[in-house]
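# Descriptive analysis of the structure
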Amino acid sequence: MLRTILISAALALTGTSALAQETREAETVARAYMDAYSRVDWDAMAALMSEDIIFADTTATGTDDPQGIVTEGREAFLEMLRGFEAQYHPIELGFVWDTVFASNETVVFIGHVNALYPTEDPAQHFRWRSQQVAAVTVRDGIVIAHRDFANYPGAEQGLVPVE
Amino acid sequence: MIRTLTAAAALAAIGGSALAQETQEAVAEAYLAAYQAQDFAALEALYAEDAVFIDPTSEAIQGIGGPFDWTGREAILAGIRAWGATRLEYTVDRSWSASGHVVFDGAVAAIYETQTGTVAYRYPIVTIVTVGNGQVTEHRDYTDFSGMTQETR
């Protein structure tokens with residue numbers, strides 16, 4: 001009986017340790033992925049995406065997407081990102097996270113997006129700032145799911161001097 | 001964050017009117033109050049029949065009775081009842097809404113009354129309540145289980 005208890009305890013500890021290691025690795029990958037997203041570096045993001053990654057932003061509703069945006073697969077997601085870049089020419093998304101935590105395979109980012117876009121005046125940028133929550137799920141070292149929630153109605157926007 | 005410059009205009013045109021947003025926020029607030037009170041009659045009235053309750057961060061966490069991934073009003077109510085909590089207490093640091101999703105960012109304490117006193121297990125959490133047709137269609141939590149603190153009151 002004692003042996004059973006000891007084995008159970010050892011397995012529990014091993015399991016906990018393995019989970020903690022997996023969580024740490026997930027956070028490292030998710031931070032690198034979101035840093036690339038912040039820099040609008042789609043190639044760096046793509047290197048960390050699984051082939052069948054699911055991306056969703058159901059807060060991003062529009063006339064073409066009344067239910068928000070959901071893409072399935074790396075190519076579909078990249079096509080959307082490239083379309084966004086071609087339309088708006090973002091300089092950066094400029095995420096600033098107040099809180100980041102990881103629980104098993106999911107890493108949660110809470111903070112703001114501070115997107116910058118060029119204007120006709122080289123001395124000014126257009127800034128779009130909003131609250132944002134992002135949840136990134138990592139498995140086997142790559143991102144399998146990415147979900148964004150942004151406060152589109154409450155966004156602050158305007159011109160800012162180029163720094 | 002990939003819809004920005006046109007978002008304000010689009011949201012104004014599509015169900016994002018101030019009135020709709022206020023109604024959605026009111027439903028979400030009423031829901032969170034019922035959820036905190038563990039008022040199952042009120043929760044039953046607020047959940048859509050095919051509502052979803054999900055916490056992706058609960059999947060592999062031991063000792064919490066998870067994972068929390070239930071579909072359907074009855075399954076959700078049974079799942080929450082099984083926690084046996086006396087009540088939940090939210091501390092909301094930030095709240096905002098977009099397109100029917102109401103985001104509550106803060107912490108939640110699960111309160112248990114025991115023979116030796118009251119115990120509170122407090123977790124940092126983001127709760128996202130999705131409202132459609134005046135009912136809750138999804139409750140989505142992202143919980144920092146490793147950040148749990150325990151308090152005896």
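Residues numbered from 1 in each chain as written. Chains lettered and ligands numbered in written order. Predicted model: local features only at pLDDT ≥ 70, side-chain atom pairs only at ≥ 80, totals over all residues.

As annotated in an unreviewed UniProt entry, chain B carries the name Nuclear transport factor 2 family protein and comes from Hyphobacterium vulgare.

Looking at an unreviewed UniProt entry, chain A carries the name Nuclear transport factor 2 family protein, with the source organism given as Hyphobacterium vulgare.

### Comments concerning the overall build of chain A
Summing up its helical and strand segments, chain A has 3 helices and 7 strands in all. The secondary structure elements of chain A, listed N-terminal to C-terminal, are α-α-β-β-α-β-β-β-β-β. Taking 2.2 N^0.38 as the reference for a compact globule, 163 residues should give roughly 15 Å; the C-alpha atoms of chain A span a radius of gyration of 19 Å, well beyond that estimate. Put simply, chain A has 163 residues, and 31% of those count as buried. Counted over contacts in chain A with a minimum sequence separation of 6, partners at least 24 positions apart contribute 54%. (Helix = DSSP H or I, 4+ residues; strand = E, 2+ residues; numbered from the N terminus. Rg over C-alpha atoms; globule rule 2.2 N^0.38 Å. Buried ≥ 20, exposed ≤ 12 C-beta atoms within 10 Å, placed from the backbone. Contact = placed C-beta atoms within 7 Å.)

### Re the overall build of chain B
Each helix and strand in chain B was counted, giving 4 helices and 7 strands. Along chain B, helices (α) and strands (β) appear in the sequence α-α-α-β-β-α-β-β-β-β-β when read from the amino end. Relative to its 153 residues, chain B shows a buried fraction of 35%. Of all intrachain contacts in chain B linking residues separated by at least 6 positions in sequence, the fraction that spans at least 24 positions is 52%.

### Description of the UniProt feature "domain: SnoaL-like" (unreviewed entry) in chain A
The UniProt entry lists residues 30-145 of chain A under the feature "domain: SnoaL-like" (unreviewed entry), expressed in the numbering used here. With 26% helix and 47% strand, the stretch residues 30-145 of chain A has end C-alpha atoms that lie 10 Å from each other. (UniProt positions renumbered as here; feature names shortened; annotations may be inferred.)

### Regarding the interface of chain A and chain B
Each side of the interface is counted separately: chain A has 37 residues, and chain B has 35 residues. Elements supplying a minimum of two residues to the side of chain A that touches chain B: helix H3 (74-88), strand E3 (96-103), strand E4 (106-118), strand E5 (124-139) and strand E6 (142-150) of chain A. Taken together, the residues that form the side of chain A that touches chain B break down as 21 nonpolar, 14 polar and 2 charged. (Nonpolar A, V, L, I, M, F, W, Y, C, P; charged D, E, K, R; others polar.)

### Observations concerning the nonpolar core
Core analysis: the biggest nonpolar cluster contains 59 residues, and Ala30 and Val136 of chain A have the highest contact counts within it. Once residues within four sequence positions are removed from consideration, Val136 of chain A is found in contact with Ala30, Tyr33, Met34, Val107, Val143 and His146 of chain A. (Core = buried A, V, L, I, M, F, W, Y, C linked by C-beta atoms within 7 Å.)

### Describing the UniProt feature "domain: SnoaL-like" (unreviewed entry) in chain B
Mapped onto this structure's residue numbering, the UniProt feature "domain: SnoaL-like" (unreviewed entry) falls at residues 28-139 of chain B. Between the first and last C-alpha atoms of residues 28-139 of chain B the distance is 10 Å; the span itself is 25% helix and 52% strand.

### Considering unusual backbone geometry
All names here are of chain B. Residues Gly66 and Pro67 are joined by a peptide bond in cis, for which omega reads 5 degrees. Looking at the secondary structure, you find Pro67 in the loop between strand E1 (47-54) and strand E2 (69-71). One non-glycine residue, Asn133, lies in positive phi territory at about 50 degrees. One can find Asn133 in the loop between strand E5 (117-132) and strand E6 (135-143).

### Comments concerning the pairing of E5 of chain A
All names here are of chain A. Where E4 and E5 come together, 13 bridges link them in antiparallel fashion. In the strand pairing of E5, Val113 is matched with Ser130. Where E4 hands over to E5, the hairpin turn is made up of 5 residues, counted between the paired strands. As paired elements, E5 and strand E7 (residues 156-161) share 6 bridges and run antiparallel to each other. Within the sheet, the bridge partner assigned to Arg129 lies in E7 and is Glu156. Count of turn residues in the E5/E6 antiparallel hairpin: 2 residues, of which Asp140 carries a positive phi of about 50 degrees. (Pairing = 2+ DSSP bridges.)

### Description of the confidence of the model for chain B
All names here are of chain B. When pLDDT is averaged across chain B, the result is 90; 90% of the residues are at 70 or more. pLDDT under 50 marks residues 6-15. Its contacts with residues more than four places away, or in other chains, come to 17 contacts. Across the whole predicted complex the pTM is 0.89, and at the interface the ipTM reaches 0.88. (pLDDT = per-residue confidence, 0-100.)

### Regarding helix H2 (residues 18-37) of chain B
Every α-helix carries 3.6 residues per turn, so stepping three or four residues along brings you back to the same face. All names here are of chain B. With 20 residues, H2 ought to run about 28 Å at 1.5 Å a step, and its terminal C-alpha atoms sit 28 Å apart, in line with that. The complete set of buried residues in H2 reads Gln21, Gln24, Val27, Ala28, Tyr31, Leu32 and Tyr35. What you see down the axis of H2 is that its buried residues fit within an arc of 135 degrees, all on one side. Among the exposed residues of H2, those pointing more than 90 degrees away from its buried face are Ala18, Leu19 and Glu22. (Expected span 1.5 Å × (residues − 1). Arc of directions from axis to C-beta.)

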